[in-house]
Amino acid sequence: MQNFFMDILFPQNECCVCREAGRYNTRHPWCNQCQEKMDNLRTAMPTCDYCGKYLLNGGSRCEECQAEKPPFYIARAVGPYEEPYRIAIKVLKFLGRRQLGYCMGIMMAEVVREEPLFWPINLIVPVPSSKASMKQRGFNQTEVLGQQIGKCLKLPINAEALRRIKETPSQRECTREERERNLWRAFEVKDKSKIRGKSILLVDDVYTTGSTSRECSRTLLDAGAERVGVIVWAIGTGY
Ligand SMILES: [Zn+2]
Ligand SMILES: [Zn+2]
């Protein structure tokens, strides 16, 4: 609801992705061309059966999932981590445009709703953000997305289920090995009774190497979760 007040207070005069002039709002934050681009990209390439990564050479499973089965039983994204998906998440995250979570959450919920492998789901758990980014942004973008997904799918969310216990350096320039090392035991479940026996939908914004999703899934499974599925906004490409 508060989104719609924001629309009145701060009308948007350009597409949040390509900056095309026009009238935009929470329900319609980007232009039709950007929406069309997003729709076309979704099915432009085959994806890995397990992790949902876009496969540049085709096939049905990425190299990583072939080498080792991931701890989550399925991961899926709305689209590839390319424009306009990449820009939308940046605007949400770095420009603090929380209202974008409304549309993005609806699109993520749609992917979950339409993939029977995800179901049943008992609980939504967002990936916790670092203290530094919480301080900077004042909100956790995965929680904003998770809340919207929960509303759409009528599922409870527990944003406190996972806690970050180790601050990790910026992961952007790290190799996969460095990321895994940094993230090793970076999360914990405070109250295992809230997780035990549950089929969990883990929510993250972006899946590139998948290190965060894997580590969070492992932590939830160690705490007694029955299984973990992962939904992200955008996912990288691989072989
Ligand atoms: Zn646009
Ligand atoms: Zn894979």
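Values in this document were obtained by computation on a predicted structure and should not be read as measured data.

1. Notes on the pattern of salt bridges
Right, on to step 1. All told, the structure shown has 9 salt bridges when counted by the stated rule.
Right, on to step 2. A salt bridge links Arg-19 to Glu-14; the shortest N-O distance between them is 2.9 Å.
Right, on to step 3. On the accessibility criterion, Arg-19 (58% relative accessible area) is exposed.
Right, on to step 4. One salt bridge in this structure joins Glu-64 and Lys-53, with 2.4 Å as the shortest N-O distance. Of this pair, Glu-64 sits in helix α3 (residues 63-67) while Lys-53 sits in the loop between α2 (32-42) and β3 (54-55), and the two are 11 residues apart along the sequence.

2. Digging into the coordination of the zinc ion (ligand 1)
Right, on to step 1. Coordination of the zinc ion (ligand 1) by the protein comes from Cys-15 (SG), Cys-18 (SG), Cys-31 (SG) and Cys-34 (SG), over a distance range of 2.3 Å.
Right, on to step 2. Relative to the metal, the 4 donor atoms surrounding the zinc ion (ligand 1) lie at angles of 106 to 118 degrees, and the coordination shape comes out tetrahedral.
Right, on to step 3. Read in sequence order, the donor residues coordinating the zinc ion (ligand 1) give the pattern C-x2-C-x12-C-x2-C. Pair noted here: Cys-15 is in the loop between β1 (12-14) and β2 (21-24) and Cys-31 is in the loop between β2 and α2, with a separation of 16 residues, a long-range link. Cys-31 shares its class with Cys-15; the two are buried.

3. Overview of the pairing of β2
Right, on to step 1. Looking at chain direction, β1 and β2 are connected through 2 bridges and run antiparallel. Among the inter-strand pairings, Gln-12 is bridged to a residue of β2, identified as Tyr-24.
Right, on to step 2. Linking β1 to β2, which pair antiparallel, is a turn of 6 residues; within it Arg-19 sits at a positive phi near 70 degrees.

4. Brief notes about the packing of helix α4 (residues 85-94) against helix α5 (residues 100-114)
Right, on to step 1. Where α4 contacts α5, the axes come no closer than 10 Å and their chain directions differ by 135 degrees. With respect to each other, α4 and α5 are oriented oblique. Where α4 crosses over α5, the two elements pack in a sense that is left-handed. Together, Ala-88, Ile-89, Val-91 and Leu-92 of α4 and Leu-100, Gly-101 and Met-104 of α5 make up the contact between the two elements.
Right, on to step 2. Grouping the amino acids of the contact of α4 with α5 by side-chain chemistry returns 6 nonpolar, 1 polar and no charged.

5. A short note on unusual backbone geometry
Right, on to step 1. Cis rather than trans, the peptide bond between Glu-83 and Pro-84 has omega equal to -5 degrees.
Right, on to step 2. The residue Pro-84 is located in the loop between β4 (74-80) and α4 in this model.
Right, on to step 3. Cis geometry is adopted by the peptide bond preceding Pro-120, which originates at Trp-119 and carries an omega value of 0 degrees.
Right, on to step 4. Among the structural elements, Pro-120 can be located in the loop between α5 and β5 (123-126).
Right, on to step 5. For Arg-19, which is not a glycine, the phi torsion comes out positive at approximately 70 degrees.
Right, on to step 6. Positionally, Arg-19 belongs in the loop between β1 and β2.
Right, on to step 7. You will see that Lys-154, though not glycine, has its phi angle at about 55 degrees, which is positive.
Right, on to step 8. Lys-154 sits in the exposed class, given a relative accessible area of 72%.

6. Describing the pairing of β5
Right, on to step 1. Judged by which residues are buried, β5 turns out to be covered on both faces: Leu-123 and Val-125 on one side and Ile-124 and Pro-126 on the other are all buried.
Right, on to step 2. Of the strand pairs in this sheet, β5 and strand β8 (residues 199-207) are connected by 4 bridges, and their pairing is parallel. For Pro-126, the partnering residue across the bridge sits in β8 and is Val-203.

7. Looking at the coordination of the zinc ion (ligand 2)
Right, on to step 1. Ligation of the zinc ion (ligand 2) by protein atoms is provided by Cys-48 (SG), Cys-51 (SG), Cys-62 (SG) and Cys-65 (SG), these donors lying 2.3 to 2.4 Å from the ion.
Right, on to step 2. The coordination sphere of the zinc ion (ligand 2) comprises 4 donor atoms, whose angles at the metal cover 99 to 117 degrees; the geometry is tetrahedral.

8. Quick notes on the sheet that holds β5
Right, on to step 1. Read across the sheet, 4 strands follow the order β4-β9-β8-β5 without closing on themselves; strand pairing throughout is parallel. Strands at the two margins of the open sheet, each flanked by one partner only, are β4 and β5. The sheet shows a mean angle of 20 degrees between the axes of neighbouring strands, taken without regard to direction.
Right, on to step 2. Sheet topology places β4 next to strand β9 (residues 227-235); 6 bridges connect them, and they run parallel. Following the sheet pairing, Ala-75 is matched in β9 by Val-230.
Right, on to step 3. Against the sheet, α4 engages β4, β8 and β9, with an angle of about 100 degrees to β9.
Right, on to step 4. Packed on one face of the sheet, helix α7 (residues 141-153) meets β5, β8 and β9 and runs near 130 degrees to β8.

Conventions used here
- Residues numbered from 1 in each chain as written.
- Chains lettered and ligands numbered in written order.
- Predicted model: local features only at pLDDT ≥ 70, side-chain atom pairs only at ≥ 80, totals over all residues.
- Heavy atoms only, no water.
- Salt bridge = Lys/Arg side-chain N within 4 Å of Asp/Glu carboxyl O.
- Buried < 20%, exposed > 50% of the residue type's maximum accessible area, 1.4 Å probe, protein only.
- Helix = DSSP H or I, 4+ residues; strand = E, 2+ residues; numbered from the N terminus.
- Donors = N, O, S within 2.8 Å, 3.2 Å for Na, K, Ca; no water.
- Tetrahedral: all angles 85-135°; square planar, octahedral: opposite > 155°, others 65-115°.
- Pairing = 2+ DSSP bridges.
- Axes fitted to C-alpha atoms, helices over the stretch in contact; angles between N-to-C directions.
- Parallel < 35°, antiparallel > 145°, perpendicular 65-115°, else oblique.
- Left-handed = near helix turned anticlockwise from the far one by under 90°.
- Contact = heavy atoms within 4.5 Å.
- Nonpolar A, V, L, I, M, F, W, Y, C, P; charged D, E, K, R; others polar.

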